[in-house]
Amino acid sequence: MSVPISTIVNGQSIDLAVDPRSTLVDLLREQLGLTGTHVGCRTASCGACTVVLDGNTVKSCCVLAAEADGRSVQTIEGHVDGERRARPGELDDVQEAFVQVQGMQCGFCTPGMVLSVRALLAANPDPTDQEAKAAIAGNLCRCTGYVNILRAIRRVADERAHAKESTDV
Ligand code: FES
Ligand code: FES
């Protein structure tokens, strides 16, 4: 048995049928082919499956696909957030900052980290270090560290503030 849902994924309206037992990450990966959202633990522990649902980060391994009905989902393949919007095939300012200060980590955890940072900066353009740490606390890395990710967050916040000052003058 499947249930019909209507959802918006990365700005695109989609109508489809989902198994009521399937998770959002399986909908994204298996039905929509958006494999940038990764699966690590399936227990809401690692954050590899992080996506943005109606503006808030969720661990998509623990959200039912049917819960996306009538809601908006953003994955790493989306290009809609940030003061400087990326065009398809280009990096947005968060991704670019990750690259420039070596905040990008392995391909496994980085998409979820980027989504958490996008959501943080959309809600809080000038986060303190403590707020930044809290925002990425659900994205686990078992091999490198978080210092450069915090630097990337600061860099984007400062660049956006500077760009805003320039346009306000
Ligand atoms: S796969 Fe969802 S939190 Fe680890
Ligand atoms: S889990 Fe990705 S760099 Fe550690």
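Residues numbered from 1 in each chain as written. Chains lettered and ligands numbered in written order. Predicted model: local features only at pLDDT ≥ 70, side-chain atom pairs only at ≥ 80, totals over all residues. Heavy atoms only, no water.

Some words on the layout of surface pockets
So, point 1. The volume enclosed by the second largest pocket comes to roughly 160 Å³.
So, point 2. Taken together, C46, A48, C106, F108, C109, L140, C141, R142 and C143 make up the lining of the second largest pocket.
So, point 3. Tallied by class, the residues present in the lining of the second largest pocket amount to 8 nonpolar, no polar and 1 charged. (1 Å grid on protein atoms, 1.4 Å probe; cavity = no way out; pocket = protein on both sides within 12 Å on 5 of 7 lines; lining within 4 Å. Points joined across faces, edges and corners; volume = space filled by probe spheres on them. Nonpolar A, V, L, I, M, F, W, Y, C, P; charged D, E, K, R; others polar.)

Concerning the packing of helix α2 (residues 93-100) against helix α5 (residues 147-168)
So, point 1. At their nearest, the axes of α2 and α5 sit 9 Å apart, and the two run at 130 degrees to each other. Classified by the angle between their axes, α2 and α5 sit oblique to one another. The two elements α2 and α5 meet at a crossing, and its hand is right-handed. Of α5, the residues touching α2 (which contributes D93, V94, A97, F98 and Q100) are I149, A152, R155, V156 and R160.
So, point 2. When the residues that make up the contact of α2 with α5 are grouped by side-chain class, the tally is 6 nonpolar, 1 polar and 3 charged. (Axes fitted to C-alpha atoms, helices over the stretch in contact; angles between N-to-C directions. Helix = DSSP H or I, 4+ residues; strand = E, 2+ residues; numbered from the N terminus. Parallel < 35°, antiparallel > 145°, perpendicular 65-115°, else oblique. Left-handed = near helix turned anticlockwise from the far one by under 90°. Contact = heavy atoms within 4.5 Å.)

Quick notes on helix α3 (residues 110-123)
So, point 1. With 14 residues, α3 ought to run about 20 Å at 1.5 Å a step, and its terminal C-alpha atoms sit 20 Å apart, in line with that.
So, point 2. Counting buried positions along α3 gives 12 out of 14 residues, so the element sits mostly inside the fold.
So, point 3. Of the positions making up α3, those classed as buried are T110, P111, G112, M113, V114, L115, S116, V117, R118, A119, L120 and L121.
So, point 4. On the buried face of α3, the contacting elements are β3 (50-53), β4 (56-59), β5 (72-74), α2, α4 (129-135) and α5. (Expected span 1.5 Å × (residues − 1). Buried < 20%, exposed > 50% of the residue type's maximum accessible area, 1.4 Å probe, protein only.)

Quick look at the domain arrangement of the chain
So, point 1. What the domain assignment lists for the chain is domain 1 (3-74) and domain 2 (93-168).
So, point 2. A straight line from the C-alpha centre of domain 1 to that of domain 2 covers 22 Å.
So, point 3. Counting residues at the interface gives 15 residues for domain 1 and 11 residues for domain 2.
So, point 4. Buried area between domain 1 and domain 2, both sides added, is near 920 Å², and the carbon and sulfur share of it is 56%.
So, point 5. If you sort the residues of domain 1 by the area they bury against domain 2, H38, T50 and Q74 come out on top, with a joint share of 38%. (Domains from an automatic or database assignment. Buried area = accessible area lost by both parts, 1.4 Å probe.)

A few points about empty space enclosed by the protein
So, point 1. Following the criterion strictly, the structure yields 1 cavity of 30 Å³ or more and no others.
So, point 2. The computed volume of the largest cavity comes to approximately 30 Å³.
So, point 3. Around the largest cavity, the lining residues are P127, D129, A132, L150, I153 and R154.
So, point 4. Those elements that place two or more of their residues in the lining of the largest cavity are α4 and α5.
So, point 5. With 3 residues, α5 is the largest single contributor of residues to the lining of the largest cavity.
So, point 6. When its residues are assigned to classes, the lining of the largest cavity shows 4 nonpolar, no polar and 2 charged.

Some details on the confidence of the model for the chain
So, point 1. Here the chain shows a mean pLDDT of 92. Residues at 70 or above account for 93%.
So, point 2. Of all secondary-structure elements in the chain, the lowest mean pLDDT belongs to α5, at 92, while helix α1 (residues 24-31) reaches the highest, 98. (pLDDT = per-residue confidence, 0-100.)

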